[in-house]
Structures are given as structure tokens and as C-alpha cells.
Amino acid sequence: MTYPDDSVRRLRVMAAGVPGARVVERVLPAPVETVWSVMGDLEGGFGAFQPDMRHVRVVRTHGDRVEALARSRHGFRARLRGFARPGWCWLQSRFLIIGMAAAPEPGGGTRIALTGGVRVPGRAAIVPFGALRELEEAATRLEVLLAGTPGQRGSD
């Protein structure tokens, strides 16, 4: 499987078109395949690092198109539609936007980028309150989760 080097750049461009969107980036000391095996696992790993997600169930895929049902820790539900490819995922519902990307970092490791939040109904805009804090928390949780992955400890 190939992971495009421009996935993170593509996420920045998509987020730039969404008023209120913020992007959090980190370089993690793990191979992109390992990182994306957690990030891209919508029904498993994704909920382990996203602070607000309790459960995601993929109900349909067609090529790189994905439809999923999500439930937050607060009980809110969303029908997400979008795209998932190696190193890239963009999903949105009427009230939610989620964007993730991972790409090999020159010199080693993986650059990740996260964006998203509560969507302003009827517009491609994100309510900015708390979005950056939640994205930072998700990146930290992903980093901690990957640090516990066998073969990744002490790889700094």
C-alpha cells in the first residue's frame, strides 16, 4: 500500500476552505503504516484516540467512498459520508466534519494532521469553540497509543 506524501498538504487545503477549521500536526516516531493502521481503522483505533467518539460503525464502502454511523460520548449521533484512502480520510455529516491525514516524514517517522469539529448546519464551517483543544488532545492520545504499540517503544 502506498501513502502519498501530499496527504497532509491536501488536508491543509481542505481545512483552509472551511471557516473556523484548525489543523493540528505532529511528527510521530513510527512508520506511516503503523500510524495509519490506527487512524484509518474507523471502527477500532479511531475511537481510541478521538476524545469525543464512543462508537463508529462503517455501514457502506464503495471504492474509497465511506458511509459510517458515529455516536459521541455525549450520545449525539451522526451519519458521516466521505472518503478514506491510505493516509487520508475526510468525513462529514450535517453537524460534524472529520479530517485526518498521515504521510511519511523525510528523515523518518510520520507526519499526522487532524482537523474537524462541530459543523455549522447548512454551511461548510466549524464552530471554533473547543475545536483546537480537542484536536490537540486527539493528537496526544494517538501519540500515547502508538507509544504502547509493540516495536514502537524507545524508537525515539
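**Considering the overall build of the protein chain**
And then number 1: In terms of regular secondary structure, the protein chain is built from 4 helices and 7 strands.
And then number 2: Taken from N to C terminus, the helices and strands of the protein chain fall in the order α-β-α-α-β-β-β-β-β-β-α.
And then number 3: In terms of overall dimensions, the protein chain is globule-like: its C-alpha atoms have a radius of gyration of 15 Å, near the 15 Å expected for 156 residues.
And then number 4: Seen through its principal axes, the protein chain has C-alpha atoms that stretch 45 × 30 × 30 Å.
And then number 5: Within the protein chain, buried positions represent 42% of all 156 residues.
And then number 6: Here the contacts in the protein chain between residues at least 6 apart in sequence split such that 53% fall between residues at least 24 apart.
And then number 7: When the accessible area of the protein chain is evaluated, it comes to approximately 8,400 Å², of which 54% is carbon and sulfur surface.

**Notes on the layout of surface pockets**
And then number 1: Space inside the largest pocket adds up to approximately 770 Å³.
And then number 2: Residue lining of the largest pocket: 37 residues in total, with Asp52, Leu96, Gly117, Val118 and Glu134 positioned closest to the centre.
And then number 3: Elements with a minimum of two residues in the lining of the largest pocket: β3 (65–72), β4 (77–85), β6 (96–104), β7 (110–118) and α4 (131–147).
And then number 4: Class assignment of the residues belonging to the lining of the largest pocket gives a composition of 17 nonpolar, 10 polar and 10 charged.

**With respect to the sheet that holds β3**
And then number 1: A sheet is described by the order of its strands in space; here 7 strands give the open sequence β1-β7-β6-β5-β4-β3-β2, paired in antiparallel fashion. The sheet terminates laterally at β1 (23–28) and β2 (53–62), the two strands that pair on one side only. Adjacent strand axes in the sheet meet at a mean angle of 20° when their direction is disregarded.
And then number 2: The sheet contact formed by β2 and β3 spans 8 bridges and is antiparallel. Looking at β3, one finds that valine 58 is bridged to alanine 68.
And then number 3: Strands β1, β4, β5 (88–92), β6 and β7 of the sheet are contacted by helix α2 (residues 32–39), whose axis makes an angle of about 165° with β6.
And then number 4: Running over the sheet, α4 touches β1 and β7 and is turned about 15° from β1.

**Section: α4**
And then number 1: Helix length check: α4, at 17 residues, gives a terminal C-alpha distance of 24 Å against a target of 24 Å (1.5 Å per residue), a fit within 8%.
And then number 2: For α4, the complete set of buried residues consists of Ala131, Leu135, Ala138, Ala139, Leu142 and Leu146. Within α4, the buried residues cover an arc of 95° as seen down the axis, which keeps them to one side. Exposed and oriented more than 90 degrees from the buried face of α4 are Arg133 and Val144.
And then number 3: The inward-facing, buried residues of α4 abut β1, α2, α3 (45–49) and β7.

**Here we look at a nonpolar patch on the surface**
And then number 1: Nonpolar side chains collect at one region of the surface, where Val118, Val127 and Phe129 lie side by side and expose about 320 Å² of accessible area between them.
And then number 2: Within the secondary structure layout, phenylalanine 129 lies in the loop between β7 and α4.
And then number 3: Note on phenylalanine 129: relative accessible area 74%, which makes it exposed.

Conventions used here
- Residues numbered from 1 in each chain as written.
- Predicted model: local features only at pLDDT ≥ 70, side-chain atom pairs only at ≥ 80, totals over all residues.
- Heavy atoms only, no water.
- Helix = DSSP H or I, 4+ residues; strand = E, 2+ residues; numbered from the N terminus.
- Rg over C-alpha atoms; globule rule 2.2 N^0.38 Å.
- Buried < 20%, exposed > 50% of the residue type's maximum accessible area, 1.4 Å probe, protein only.
- Contact = heavy atoms within 4.5 Å.
- Areas by Shrake-Rupley, 256 points an atom, 1.4 Å probe, with all protein chains shown as cover.
- 1 Å grid on protein atoms, 1.4 Å probe; cavity = no way out; pocket = protein on both sides within 12 Å on 5 of 7 lines; lining within 4 Å.
- Points joined across faces, edges and corners; volume = space filled by probe spheres on them.
- Nonpolar A, V, L, I, M, F, W, Y, C, P; charged D, E, K, R; others polar.
- Pairing = 2+ DSSP bridges.
- Axes fitted to C-alpha atoms, helices over the stretch in contact; angles between N-to-C directions.
- Expected span 1.5 Å × (residues − 1).
- Arc of directions from axis to C-beta.
- Patch = residues over 30% accessible without salt bridge, like charges linked within 9 Å, V, L, I, M, F, W, Y side chains within 5 Å.
- Salt bridge = Lys/Arg side-chain N within 4 Å of Asp/Glu carboxyl O.

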